[in-house]
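Coordinate analysis (summary)
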Amino acid sequence: MRVFSVALTGLTLIFASGAAAQAPVQEQALLHQLADDIQPERMRADIQALVGFGTRHTMSETRSETRGIGAARRWAQTQFEAISRDCNGCLTIVTPSDTITGPRVPTPTEVVDIVAIQRGTGDPSRVIIISGHIDSRVTDVMNFTADAPGANDDASGVAAVLEAARVLSKHRFDATLVFAALSGEEQGLLGGKILADYAQAQGWRVEANLNNDIVGNSEGQSGVRDTTRVRVFSEGTKTVETEAQEERRRYNGGEVDSSSRNLARFVDGMADRYLANFDVDLIYRTDRYGRGGDQVEMLRHGFPAVRISEGAENYDRQHQDLRIENGVEYGDTIEGVDFAYLGQVARLNIVSMAALANAPASPLGVTIEGAVKPDTTIKWQAVPGAAGYRVWWRSTTAPQWTHSRWAGNATELVLRNIVIDDFFFGVSAVSEDGYESPVVFPGPAGSFVSVGDPAAPAR
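Please read these numbers as outputs of a predicted model, since none were measured by experiment. (Residues numbered from 1 in each chain as written. Predicted model: local features only at pLDDT ≥ 70, side-chain atom pairs only at ≥ 80, totals over all residues. Heavy atoms only, no water.)

**Structural notes on the overall build of the protein**
Summing up its helical and strand segments, the protein has 10 helices and 19 strands in all. Relative to the compact-globule value of 23 Å for 459 residues, the protein shows a C-alpha radius of gyration of 22 Å, a close match. In terms of overall dimensions, the protein has C-alpha extents of about 65 × 45 × 45 Å along its principal axes. Looking at the 459 residues of the protein, the share that counts as buried comes to 61%. By sequence separation, contacts in the protein at least 24 residues apart represent 74% of the contacts at least 6 residues apart. Carbon and sulfur atoms make up 49% of the accessible area of the protein, which totals about 17,400 Å². A gap of 2 Å separates the mean positions of the 43 positive and 59 negative side-chain charges of the protein. (Helix = DSSP H or I, 4+ residues; strand = E, 2+ residues; numbered from the N terminus. Rg over C-alpha atoms; globule rule 2.2 N^0.38 Å. Buried < 20%, exposed > 50% of the residue type's maximum accessible area, 1.4 Å probe, protein only. Contact = heavy atoms within 4.5 Å. Areas by Shrake-Rupley, 256 points an atom, 1.4 Å probe, with all protein chains shown as cover. Lys, Arg positive; Asp, Glu negative; His and termini not counted. Charge placed at Lys NZ, Arg CZ, Asp CG, Glu CD.)

Below, the structure written as structure tokens:
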């Protein structure tokens, strides 16, 4: 969303508070390097391999080495293992699973996620996740025998996950990175729930889930090709919001400032700053209208999550039997994937993950006060790794943060002659080398932490 990129690229006028020095947002050479390291041809090979398994339906063959979901899962695991060997064992591979029976799984079926974990060097309990789903389908969601190549939905997302692992495993980060190939999405977001349950059981503080689902096509249903934009969907109010929190939020605001929404704004800023001719469209919905993805299960566990999807979908290539009717070719084949475009999406994910993992944790316990006063006071708790904090504000109708003031290493800032009634406020944490966290809106509506933060929703 380039119209507001000035505020996100550090060109906003920043005023010092007291003796605190100005702290403009710094350009990060590492993020440019990571963007340059993406190789679309490696993702082409990944998608070719996945398409080659014929079908990856959740209830398809599991014993064959050449066809079905079992072979595809084992192949994904071997890819993570090879990446780990190249980084001297920096990845731990786990396979959380559950045996499920449900509306789209009529017989007990083991659903298995393939997950690679790159443990953080400083704050390993803080976790950044990239995910895509490995399963595929045709027109009939219960048809587990027909060929379902699933090149774009969602081999493209899995290819982005693998490429992120290849590039980011060459470096070390303060926070833990998780690369997840999920199963069972088409049968009811099953793999997303398995991963969310696993994260909760491990005590992960999930600060972000970037779920990539349908990210490789640049030609829309109309035939118009657009290689310059990607959509990032984010929920406005938290799925886990309590009744009391809802009442407070309805009165004081926060409908467009959940942690997921501010994560989406953060990703938008990465595109503006580090990608050439590629922009994020911020979509103020949890997902496409009436549809869903694995990030929904992360939201149900209280974790910040967004869905990343191509800018223009072609529905003839999604959830379709392979066929030609009236001269129209249907089916999700590799011919529908634009690998240069997929490379841009992968770059966006990788620079966002690295920036999040190198930044301090998002501030905790953010509160605000200023009723019937000419000034606004915002307070927060210190977080490890923060050299200072930046307080942000914007008009209540503005989609992006537009004003900021540097607070130094204080945990409170008074904004003189800025009336609380007229603006929304937030605070971000900044590391010594200039990496900055997403902005945290005050109170439960904006907290990035599902547990352990006084401002977080009760569980």
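Having seen the structure, we can now continue with the description.
**Quick word on the packing of aromatic side chains**
What the rule picks out here adds up to 5 aromatic pairs. Ring centres of Trp380 and Tyr389 lie 5.5 Å apart, and the angle between their planes is 50°; on these two criteria the pair is classed as tilted. Look at Trp380 and you get buried, because its relative accessible area is 4%. Owing to a relative accessible area of 2%, Tyr389 belongs among the buried residues under this scheme. The ring of Tyr284 has Arg261 lying over it, and the distance from NZ or CZ to the ring centre is 3.9 Å. Its end group placed over the ring of Trp401, Arg394 keeps NZ or CZ at 4.4 Å from the ring centre. (Phe/Tyr/Trp six-rings, centres within 6.5 Å; stacked < 30°, edge-to-face > 60°. Lys NZ or Arg CZ within 6 Å of the ring centre and 35° of its normal.)

**So, the pattern of salt bridges**
Summed over all chains, the structure comprises 33 salt bridges. Residues Arg250 and Glu246 are paired through a salt bridge, measuring 3.3 Å at the closest nitrogen-oxygen approach. You can see Arg250 and its partner Glu246 sitting in helix H7 (residues 243-252), 4 residues apart, about one turn around the helix. With a relative accessible area of 31%, Glu246 lands in the partly exposed category. Shared partners join several salt bridges into a network, and the residues in it are Asp213, Arg231, Asp287, Arg288, Arg291, Arg307 and Glu313. (Salt bridge = Lys/Arg side-chain N within 4 Å of Asp/Glu carboxyl O.)

**What to know about the sheet that holds strand E7 (residues 175-182)**
Pairing between the strands of a sheet is mediated by backbone hydrogen bonds and can be parallel or antiparallel. Reading across the sheet, the 8 strands line up as E2-E5-E7-E6-E8-E11-E9-E10 and stay open at both edges, with mixed pairing between neighbours. What marks the edges here is a single partner per strand, and that holds for strand E2 (91-94) and strand E10 (279-283). For this sheet the average axis-to-axis angle between neighbouring strands, irrespective of direction, equals 20°. Bridge count for strand E8 (residues 205-212) against strand E11 (residues 305-310) is 4 bridges, and the pairing is parallel. For Asn211, the partnering residue across the bridge sits in E11 and is Arg307. In the packing of helix H5 (residues 151-168) onto the sheet, contacts are made with strand E5 (114-118), strand E6 (123-133), E7, E8 and E11, and the angle to E6 comes to roughly 145°. (Pairing = 2+ DSSP bridges. Axes fitted to C-alpha atoms, helices over the stretch in contact; angles between N-to-C directions.)

**Quick look at the state of the cysteines**
Evaluation of the coordinates by the stated rule reveals 1 disulfide. With a sulfur-sulfur separation of 2.0 Å, Cys87 is cross-linked through a disulfide to Cys90. On the S-S bond that ties Cys87 to Cys90, the torsion sits near -85°, and the link is left-handed. The buried category is assigned to Cys87, whose relative accessible area is 5%. (Disulfide = S-S within 2.5 Å.)

**Let's talk about the environment of Gln187**
Mapped onto the fold, Gln187 is located in the loop between E7 and helix H6 (190-202). On the accessibility criterion, Gln187 (4% relative accessible area) is buried. Remark: the alpha-carbon pair of Gln187 and Pro103, spanning 84 residues in sequence, is separated by 8.2 Å.

**Side note on the environment of Arg104**
Relative to the assigned elements, Arg104 resides in the loop between strand E3 (97-102) and strand E4 (105-112). Measuring from C-alpha to C-alpha, the distance between Arg104 and Met142 comes to 6.7 Å, with 38 residues separating the pair along the chain. Not counting residues up to four positions away in its chain, the partners in contact with Arg104 are Met59, Arg137, Val141, Met142, Glu186 and Gln187. Here Glu186 takes part through its backbone oxygen, which lies 2.7 Å from a polar atom of the side chain of Arg104. (Polar contact = N/O pair within 3.5 Å; in protein donor to acceptor, adjacent residues only side chain to side chain.)

**Quick word on the sheet that holds strand E18 (residues 412-415)**
Taken in spatial order, the 3 strands of this open sheet run E14-E15-E18, and their pairing is antiparallel. The open sheet has two edge strands with one neighbour each: strand E14 (364-369) and E18. The mean inter-strand angle of the sheet, taken between neighbouring strand axes irrespective of direction, is 10°. Sheet topology places E14 next to strand E15 (residues 376-381); 4 bridges connect them, and they run antiparallel. Across the sheet, the residue bridging to Thr367 is Lys379, located in E15.

**A closer look at the pairing of E8**
Consecutive residues of a regular strand have side chains that alternate between opposite faces of the sheet. By the criterion of burial, E8 is predominantly enclosed, with 8 of the 8 residues buried. In terms of strand pairing, E6 meets E8 through 6 bridges, oriented parallel. When the bridges of E8 are listed, Ser131 appears paired with Asn211.

**Concerning the packing of helix H3 (residues 40-51) against helix H4 (residues 69-86)**
In the contact formed by H3 and H4, the axes pass within 10 Å of each other and the chain directions differ by 155°. Taken together, H3 and H4 sit at an angle that is classed as roughly antiparallel. Relative to H4, H3 is oriented so that their crossing is right-handed. For the pair H3 and H4, the contacting residues are Asp46, Ala49 and Leu50 in the first and Ala72, Trp75 and Gln79 in the second. (Parallel < 35°, antiparallel > 145°, perpendicular 65-115°, else oblique. Left-handed = near helix turned anticlockwise from the far one by under 90°.)

**Here we look at the nonpolar core**
Side chains of a nonpolar character, in soluble globular proteins, are inclined to be buried together. Within the largest apolar cluster, 93 residues are counted, with the highest numbers of intra-cluster contacts made by Leu31, Ile47, Phe80, Leu168, Phe179, Met353 and Trp380. The greatest single-element share of this core, amounting to 13 residues, is contributed by helix H10 (residues 339-358). Leave out the neighbours within four places in its chain, and Leu31 touches Met270, Tyr274, Val351, Ala354, Ala355 and Tyr435. (Core = buried A, V, L, I, M, F, W, Y, C linked by side-chain atoms within 4.5 Å.)

These results come straight from atomic positions and should not be treated as a statement about function.
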